[in-house]
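# Commentary on secondary and tertiary structure
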Amino acid sequence: ERLAFIRGHLPMVTRITLHITSSGGDIYPAFAAYDYLKAYPLPVDGVVMGYVASAAAMILLQACTVRKAYPSARLLIHEARRTGFIYNERTTDAEDDIKELRLVQDHSLAVMAERMHRPPEEVKKLLERRELWLGAEEALALGLIDEIIR
């Protein structure tokens, strides 16, 4: 809503800076934020303050034109995962869930590989760990961020 307000009411704004501190959350709202920010007519810089994890790291990685972090920042990336567990779930439901999870994972891998300038196989190998926590220097070396703010 705020970005829409800026676009409509403040035409002199030429760049947006998105400061992010977040534990992440559901990937689907992250994809929605990604689509919106990519379609937004202004460049959007992302700045990690504290930490970004999970879906929040995906927004930073995927949607931001320039990705920055402070020296003490931490980033967490991991494979797509299913949240929750439904008892008495039918086999066909579980199969559908796994199919959807694989689609989410494939989409995430493709975008991450492109933004990190790395082969998808290399990114997939990084994500095979349960959780990969990175400091700003490590994130910069891997291509998750473009700059450390000093």
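Here's a quick rundown of the structure. What you see is a predicted model, and the numbers here were worked out from it, not measured in a lab.

## Looking at the overall build of the protein chain
- Within the protein chain one finds six helices and six strands.
- Its helices and strands in sequence order give the protein chain the pattern α-β-α-β-α-β-β-α-α-β-α-β, from N to C terminus.
- Relative to its 150 residues, the protein chain shows a buried fraction of 39%.
- Partitioning the contacts of the protein chain with sequence separation of at least 6, the portion at a separation of at least 24 is 68%.
- With an accessible surface of roughly 9200 Å², the protein chain has 55% of that area assigned to carbon and sulfur atoms.

## A word on the packing of aromatic side chains
- By the definition in use, this model includes three aromatic pairs.
- Ring geometry for Tyr28 against Phe31: centres 6.5 Å apart, planes inclined by 80°, an arrangement best described as edge-to-face. Here Tyr28 and its partner Phe31 are both found in helix 2 (residues 27-39), three residues apart, which amounts to about one turn of the helix.
- By relative accessible area, which is 41% here, Tyr28 ends up partly exposed.
- Judged by its relative accessible area of 13%, Phe31 falls in the buried class.
- The interplanar angle of 40° and the centroid separation of 6.0 Å between the aromatic rings of Tyr36 and Tyr40 together place this pair among those described as tilted.

## Some remarks on the side chain of Arg115
- Within the secondary structure, Arg115 is located in helix 4 (residues 91-116).
- The side chain of Arg115 sits in the buried core without any salt bridge; Asp146 is the nearest counter-charge, 4.5 Å away.
- In this structure the side chain of Arg115 is engaged in a polar contact, spanning 3.3 Å, whose partner is the backbone oxygen of Gln62.
- Here the side chain of Arg115 touches Thr65 through a polar contact of 3.4 Å, landing on its backbone oxygen.

## Description of the nonpolar core
- Among the nonpolar cores identified, the biggest contains 41 residues, and Val52, Leu60, Met112, Met116, Leu144 and Ile145 are the most heavily contacted of them.
- Per element, the largest residue contribution to this core is eight residues, and it comes from helix 3 (residues 55-63).
- Sequence-distant contacts of Leu60, that is, excluding residues within four places in its chain, are made with Ile20, Gly46, Val47, Val48, Val52, Arg67, Leu75 and Ile145.

## Side note on the pairing of strand 2 (residues 44-53)
- Summarising burial for strand 2: seven of the ten residues are buried, a large majority.
- One ladder, built from six bridges, connects strand 1 (residues 16-22) with strand 2; its direction is parallel. Among the inter-strand pairings, Ser22 is bridged to a residue of strand 2, identified as Val52.
- Crossover strand 1 to strand 2 through helix 2 is right-handed.

## Brief notes about the packing of helix 2 against helix 3
- Contact pair helix 2 / helix 3: the axes reach a minimum separation of 9 Å and the direction vectors enclose 20°. Put simply, helix 2 runs roughly parallel to helix 3. Read as a crossing pair, helix 2 and helix 3 show a hand that is right-handed. Contact residues: Ile27, Ala30, Phe31, Ala33, Tyr34, Leu37 and Lys38 in helix 2; Ala55, Met58, Ile59, Gln62 and Ala63 in helix 3.

Conventions used here
Residues numbered from 1 in each chain as written. Predicted model: local features only at pLDDT ≥ 70, side-chain atom pairs only at ≥ 80, totals over all residues. Heavy atoms only, no water. Helix = DSSP H or I, 4+ residues; strand = E, 2+ residues; numbered from the N terminus. Buried < 20%, exposed > 50% of the residue type's maximum accessible area, 1.4 Å probe, protein only. Contact = heavy atoms within 4.5 Å. Areas by Shrake-Rupley, 256 points an atom, 1.4 Å probe, with all protein chains shown as cover. Phe/Tyr/Trp six-rings, centres within 6.5 Å; stacked < 30°, edge-to-face > 60°. Lys, Arg positive; Asp, Glu negative; His and termini not counted. Salt bridge = Lys/Arg side-chain N within 4 Å of Asp/Glu carboxyl O. Polar contact = N/O pair within 3.5 Å; in protein donor to acceptor, adjacent residues only side chain to side chain. Core = buried A, V, L, I, M, F, W, Y, C linked by side-chain atoms within 4.5 Å. Pairing = 2+ DSSP bridges. Right-handed = clockwise from strand over helix to strand, strands pointing away. Axes fitted to C-alpha atoms, helices over the stretch in contact; angles between N-to-C directions. Parallel < 35°, antiparallel > 145°, perpendicular 65-115°, else oblique. Left-handed = near helix turned anticlockwise from the far one by under 90°.

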